[in-house]
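Report on the structure
Next come the chains, spelled out residue by residue.
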Amino acid sequence: MDRVFGDKKAISLFVLPTLILFVAIIIAPIFLSGYYSLLKWDGIGKGVFIGIKNYRDLFINNSDGFGKSVGNSIILALLSIFIQLPVALILALVLARGMKGEGFYRTVYFIPVIMSTVVIGQLWLKIYNPDYGLLNSLLKGIGLKSLASDWLGDTNKALISVFIPIIWQYTGYHMLLMYASAKSVSEEIYEAARIDGASSFTTAVRITIPMIMPMIEVCITFAVIGSLKIFDLVWILTRGGPLHATEVPSTLMYNTIFNQYQYGYGSSISIFIIAECLIFTLILQRVFKSKS
Amino acid sequence: MNKLLMKAISLSVAMVFVLSLAACGTSNPSSTATTVSETSEATVTATVTPKPVTLTLWHQWAAPNDGNTKSFRAVLDAWNQKNPSSNIEDDGIDGESYKTKIKTAIAANEAPDIFYSWGAGFSKPFIAANAVLPLDEYLKDGTSDKLLGGALANVTYNGKVYGLPTSLSVASLYCNKELFDKNGIKIPTTFDELIDAAKAFSAKGIIPIDVGEKDLWPGMYWYDILALRTAGAQGCQDALNKTASFDAQPFKDAAAKLQDLVNAKAFNDSLFSNGYNEMIADFTLGKAAMCYQGNWLGGSCEDDKSLVKGKVVVVPFPTLNDDKGSADEFFGGAIDALWVSAKTENKDQAVAAVKFLTENMSNKLYEAGAGLPCWKVTGVDESKISPLTKQTVDMIKNSKGYVMWWDIFLEGKDADTHKNLVAQLFAGKITPDAYAKEMQKLNVKQ
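Everything quoted here is computed from the prediction, not taken from an experiment.

Section: unusual backbone geometry
For Leu243 of chain A, which is not glycine, the phi dihedral falls at a positive 55°. If you trace the backbone, Leu243 of chain A turns up in the loop between α12 (232-237) and α13 (249-259).

This is the structure we're talking about:
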């Protein structure tokens, strides 16, 4: 076995099928999209090469609220970093200390992650329903009738109403990553800390968090990229409406390609999303490197 | 530690598994549809000639209990039984996914021999890409005479006919008569009465009119019919065909009338979070008094599960007093059609199949109360036709003109812009003047 894994030729042979798939399914379409983004094309007939006009329409002469949609996705990224990840971290630290019912809670928090997004979307549609929804019924039940509203239909409330389920859904995912990492910290270190009289709070802040920092960095990267390319829940809950209040770049891209037949222009949005994700990843890595 | 890692891995494997199951779940309807056709086909081919031609047909009639699906299956089986030498193999998926599927297939030059598509703007790119076979030569055998007047308007491009319609659709005002009677309110025949009725229902805590504006098009129906009343069918056609301006008084008036309704609290409060399905649910549960929709709503009202069965009446949209449009002009037309791919190797068989399928579906749909005929009706037992369908057919008997759904008439981006502008009217974010100016931009841009 060791000899096979030591053989560079054997390794390259084994990774070849995956490489082919990866190139065919991920890399090639990216380059194709890059080419399409230079065309004026309805997706069916012949495309006309128009250079960077689509990008100029996107960034300079924009009229379809692209800037706002990017802003929305950045709001989501910030919410993920400053609300979702801290919550996940606290849950992970508490669970990792070995409390009673650890396995039970771990499973409960992880359930939203294994559920299909469509199911979650339908669930929250029912919660937010203005007529019979759980949230409005609850508010009416405790005498806060004035707060009840059409959560997904009000342009001022729709954005935050859509982001809450997204953040809720992936909290368990980040929790599990951090929890697994916290569990792998050597027990001897904790013992030493206990002997020195460190409280559990001090242990968590001074020992566990620094030890699992690499995993936290991974979580931040995942959270930011996931937010920038979010599509599914937004689409199910509001389709980017009402009046584009919850538009994010991916929903805008879907609309331009499949409802407006602007395949070229839509491709330029997709290229933007790819570039945006790459740039943010690089920035984050730079930041993490300089910190450590 | 290893145990934990194993757990994490098995959890993620479980996750992948669940997700892939979910993916299978969504594709179920189409797979059941194909099995049905395969079995029916198998029984036929067993008894017949060797070397039959197999035609492929794609459609969007996949929902099991839908009236369209039932009629289509019956007609398809009849064709397959009568024509063993040119059997049809069909494949159907539901509405929105079908739009993506057919567009992708035509772009990739992989269209089936026969396909379902919407007429007017939706199929325009297909025609422009020369993907569809012109049918004029094939219609000279008397087929044209069998069609009702105006039935081919939406499948004709540059003077050539490309598709054959299966049914006529028309929108009308559905009123829950029980709610009107109980509250002593008159079913409106003029716009002023509509406003009064809306105010009266609103005061009693009943939703006057239900609209599912999350999907955008149900709200668009309201603007479009108001414009049909203010500008008349000809006026709308001219503006839509870019030969007249949208920035004109009738179109501003229609926008103002829509906002009058909004200000009179005529629509449900939840209009922006409810889509088409919620709208239908509200109306068939008897929560709302009125709904302006296409004739397919009739099927939902007459369904055994509907709480308003037998309590609904269909009326033409109210008239305005000082306008060009009359109550005999309707919003709708024949838009559901079957088309033959220009690339098919069996042109004659495919065209014959399209003729057979569309004519018989028109009859079958009418008989089942699921659609209005666009071919001359033959062999239909009229006594079985549902009251709502009869009312609709009576209503359109003297029709003087039709205007197709604007989002189908306009193309892609223009349709989207129009729907979003109407949504802004509903939200009060745009004035009628500004609305008309924005609409006219569709006509003057490059």
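Next comes the rest of the description.
A look at the pairing of strand β2 (residues 86-92) of chain B
Residues and elements named next belong to chain B. A large share of β2 lies buried, amounting to five of its seven residues. The pairing of strand β1 (residues 53-59) with β2 spans seven bridges and is parallel. Looking at the pairing, Thr56 lines up with Glu89 of β2.

What about the pattern of salt bridges?
Enumeration according to the criterion identifies 19 salt bridges over all chains in this entry. The partner of Asp215 of chain B in a salt bridge is Arg239 of chain A, with the nearest N and O atoms 2.1 Å apart. Taken together, the residues Asp215 of chain B in the loop between β7 (207-209) and α8 (217-240) and Arg239 of chain A in the loop between α12 and α13 connect one chain to another. Linked through salt bridges whose partners overlap, the residues forming this network are Asp247, Lys252 and Asp433 of chain B.

Description of the interface of chain A and chain B
With 34 residues of chain A in contact, the opposing surface of chain B contributes 32 residues. Carbon and sulfur atoms supply 62% of the area buried between chain A and chain B, which totals about 2900 Å² over both sides. Sorting the residues of chain A by area buried against chain B places Ile44, Leu243 and Tyr261 of chain A first, and these three jointly supply 24% of that buried surface. The tally of links from chain A across to chain B stands at one salt bridge. Here chain A is connected to chain B by eight residue pairs in polar contact (both at pLDDT 80 or more). Looking at the side of chain A that touches chain B, the elements that each hand over two or more residues are α5 (102-114), α8 (158-183), α12 and α13 of chain A. A breakdown of the residues in the side of chain A that touches chain B according to their chemical character gives 17 nonpolar, 11 polar and six charged.

Re the environment of Asn176 of chain B
All names here are of chain B. As for its position among the elements, Asn176 is in strand β6 (residues 163-176). The sequence separation of Asn176 and Tyr116 amounts to 60 residues, and the corresponding C-alpha distance is 34 Å. Every residue in contact with Asn176, bar those within four places of it in the chain, is listed here: Phe283, Gly286, Ala288, Ala289, Val308 and Lys311.

As for the packing of helix α4 (residues 66-96) of chain A against α8 of chain A
When two helices pack together, their arrangement is captured by the angle between the axes and the distance separating the axes. Residues and elements named next belong to chain A. Where α4 contacts α8, the two axes come as close as 7 Å, and the packing angle between them is 40°. In terms of orientation, α4 lies oblique with respect to α8. You can see that α4 and α8 cross each other, and the crossing is right-handed. Looking at side-chain class alone, the contact of α4 with α8 contains 21 nonpolar, five polar and one charged residues.

Let's talk about helix α2 (residues 8-36) of chain A
In the structure, α2 of chain A departs most strongly from a straight axis at Leu16 of chain A, where the bend amounts to approximately 40° and where the proline Pro17 of chain A lies between one and four residues downstream. One side-chain oxygen of the residue at the start of α2 of chain A lies 3.0 Å from the amide nitrogen of Lys9 of chain A, identifying that residue as Asp7 of chain A.

Section: the side chain of Asn268 of chain B
Residues and elements named next belong to chain B. Tracing the backbone through its elements, the reader meets Asn268 in the loop between α9 (249-263) and α10 (276-284). Separated by 3.2 Å, the side chains of Asn268 and Asp210 make a polar contact. Apart from the residues lying within four places of it in its own chain, the contact partners of Asn268 are Ile207, Ile209, Asp210, Val211 and Asn274.

Focus on the packing of α8 of chain B against helix α15 (residues 412-427) of chain B
Residue and element names in this part refer to chain B. For the pair α8 and α15, the least separation of the axes is 9 Å and the interaxial angle reads 80°. Classified by the angle their axes make, α8 and α15 are roughly perpendicular. Each of Trp217, Gly219, Met220, Trp222, Tyr223 and Asp224 in α8 lies in contact with α15, whose residues at this interface are His418, Lys419, Val422, Leu425 and Phe426. Looking at the contact of α8 with α15, its residues break down into seven nonpolar, two polar and two charged.

Side note on a nonpolar patch on the surface
Residues and elements named next belong to chain A. Together, Leu16, Leu19, Ile20, Leu21, Phe22, Val23, Ile25 and Ile26 line one region of the surface with nonpolar side chains, adding up to about 740 Å² of accessible area. Examined against the element boundaries, Leu21 turns out to sit in helix α2. For Leu21, a relative accessible area of 53% gives the class exposed.

Looking at the packing of aromatic side chains
Residues and elements named next belong to chain B. By the definition in use, this model includes 47 aromatic pairs over all chains. Summarising the aromatic geometry, the rings of Trp222 and Phe317 are spaced 5.4 Å apart at their centres and angled 75° between planes, so their arrangement reads as edge-to-face. In this pair, Trp222 is assigned in helix α8 and Phe317 in the loop between β9 (312-315) and β10 (329-340), connecting sequence segments 95 residues apart. The residues Trp222 and Phe317 share a single accessibility class, namely buried.

Here's the deal with the side chain of Thr246 of chain A
Residue and element names in this part refer to chain A. Examined against the element boundaries, Thr246 turns out to sit in the loop between α12 and α13. What makes Thr246 buried here is its relative accessible area of 1%. A polar contact of 2.7 Å, which involves the side chain of Thr246, links it to the side chain of Thr238. For Thr246, the residues in contact, after removing those within four places along its chain, are Asn72, Ala158, Leu159, Val162, Val234, Thr238, Gly240 and Gly241.

What about the state of the cysteines?
Residues and elements named next belong to chain B. All chains considered together, the criterion is met by zero disulfides over all chains. Cys301 supplies the cysteine sulfur nearest to Cys291, a cysteine that is in no disulfide, at a spacing of 7.9 Å. On the basis of relative accessibility, which here comes to 0%, the residue Cys291 falls in the buried class.

Concerning the nonpolar core
Residue and element names in this part refer to chain B. Within the largest apolar cluster, 141 residues are counted, with the highest numbers of intra-cluster contacts made by Trp222, Tyr223 and Trp406. When residues of this core are assigned to their parent elements, the largest contribution, 13 residues, is made by α8. Ignoring sequence-local partners within four residues, the contact set of Tyr223 consists of Phe251, Ala254, Ala255, Leu258, Trp406, His418, Val422, Leu425 and Tyr435.

Reading the values: the criteria
Residues numbered from 1 in each chain as written. Chains lettered and ligands numbered in written order. Predicted model: local features only at pLDDT ≥ 70, side-chain atom pairs only at ≥ 80, totals over all residues. Heavy atoms only, no water. Helix = DSSP H or I, 4+ residues; strand = E, 2+ residues; numbered from the N terminus. Buried < 20%, exposed > 50% of the residue type's maximum accessible area, 1.4 Å probe, protein only. Pairing = 2+ DSSP bridges. Salt bridge = Lys/Arg side-chain N within 4 Å of Asp/Glu carboxyl O. Contact = heavy atoms within 4.5 Å. Buried area = accessible area lost by both parts, 1.4 Å probe. Polar contact = N/O pair within 3.5 Å; in protein donor to acceptor, adjacent residues only side chain to side chain. Nonpolar A, V, L, I, M, F, W, Y, C, P; charged D, E, K, R; others polar. Axes fitted to C-alpha atoms, helices over the stretch in contact; angles between N-to-C directions. Parallel < 35°, antiparallel > 145°, perpendicular 65-115°, else oblique. Left-handed = near helix turned anticlockwise from the far one by under 90°. Bend = angle between axes of the 7 residues up to and from the residue. Patch = residues over 30% accessible without salt bridge, like charges linked within 9 Å, V, L, I, M, F, W, Y side chains within 5 Å. Areas by Shrake-Rupley, 256 points an atom, 1.4 Å probe, with all protein chains shown as cover. Phe/Tyr/Trp six-rings, centres within 6.5 Å; stacked < 30°, edge-to-face > 60°. Disulfide = S-S within 2.5 Å. Core = buried A, V, L, I, M, F, W, Y, C linked by side-chain atoms within 4.5 Å.

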